Amino acid sequence: QLFIEMQSVIGHDLAITVQSLIASAEHQGSGALAGVIATITVLAGALGVFFELQDMLNMVLGKRDQTDRALRGFLQRRLLAFLLVVAFEILLLA
């Protein structure tokens, strides 16, 4: 009955796709690798967002990077962004 309702709202092809997604989600243990890949992808995306936000704030505030410590500064910014992401994840899970 749910399939008929979905079919009337979203169409036959999309309803079949949703039904197959639901059926494949029932398999236990097949999503461990997908979970790891998804976690890495989300973490990388969040790091990129924090890194770009920091760059934009530095541009708005007129702060320039020191050229003599370019690699060290780059690694420090990446570490700071990573720690911010981990801190927000802990807050969300608490």
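Small disclaimer: the values here were computed from a predicted structure and weren't measured. (Residues numbered from 1 in each chain as written. Predicted model: local features only at pLDDT ≥ 70, side-chain atom pairs only at ≥ 80, totals over all residues. Heavy atoms only, no water.)

Before going further, it helps to examine the overall build of the protein. Scanning the protein for helices and strands turns up 4 helices and 0 strands. In the protein, the succession of α and β elements from N to C terminus is α-α-α-α. For the protein, the accessible surface area stands at approximately 7,800 Å², while carbon and sulfur atoms represent 69% of it. (Helix = DSSP H or I, 4+ residues; strand = E, 2+ residues; numbered from the N terminus. Areas by Shrake-Rupley, 256 points an atom, 1.4 Å probe, with all protein chains shown as cover.)

Here the focus is the environment of Ala 44. Here Ala 44 shows up in helix 3 (residues 32–61). For Ala 44, a relative accessible area of 46% corresponds to the partly exposed category. As for Ala 44 and Phe 82, which are separated by 38 residues in sequence, their C-alpha atoms are 8.9 Å apart. (Buried < 20%, exposed > 50% of the residue type's maximum accessible area, 1.4 Å probe, protein only.)

Once that is clear, we can look at a nonpolar patch on the surface. The grouping of Leu 53, Leu 57, Val 60 and Leu 61 at the surface amounts to a nonpolar patch, some 440 Å² of accessible area in total. In this structure, Leu 61 sits in helix 3. With a relative accessible area of 69%, Leu 61 lands in the exposed category. (Patch = residues over 30% accessible without salt bridge, like charges linked within 9 Å, V, L, I, M, F, W, Y side chains within 5 Å. Salt bridge = Lys/Arg side-chain N within 4 Å of Asp/Glu carboxyl O.)

Take helix 3 next. Here helix 3 is 30 residues long and its end C-alpha atoms lie 43 Å apart, about the 44 Å a rise of 1.5 Å per residue gives. Looking at helix 3, one finds that the buried residues are Leu 47, Phe 51 and Asn 58. Turning to helix 3, the residues buried within the fold contact helix 4 (70–93). Positive backbone phi, approximately 80°, marks Gly 62, located one or two places after helix 3. (Expected span 1.5 Å × (residues − 1). Contact = heavy atoms within 4.5 Å.)

In this section: helix 4. The end-to-end C-alpha separation of helix 4 is 35 Å, in line with the 34 Å expected for 24 residues at 1.5 Å each. Of the residues making up helix 4, those classed as buried are Gly 73, Arg 77, Ala 81 and Val 85. Buried residues belonging to helix 4 abut helix 3.

Keep in mind these values describe shape, not function.
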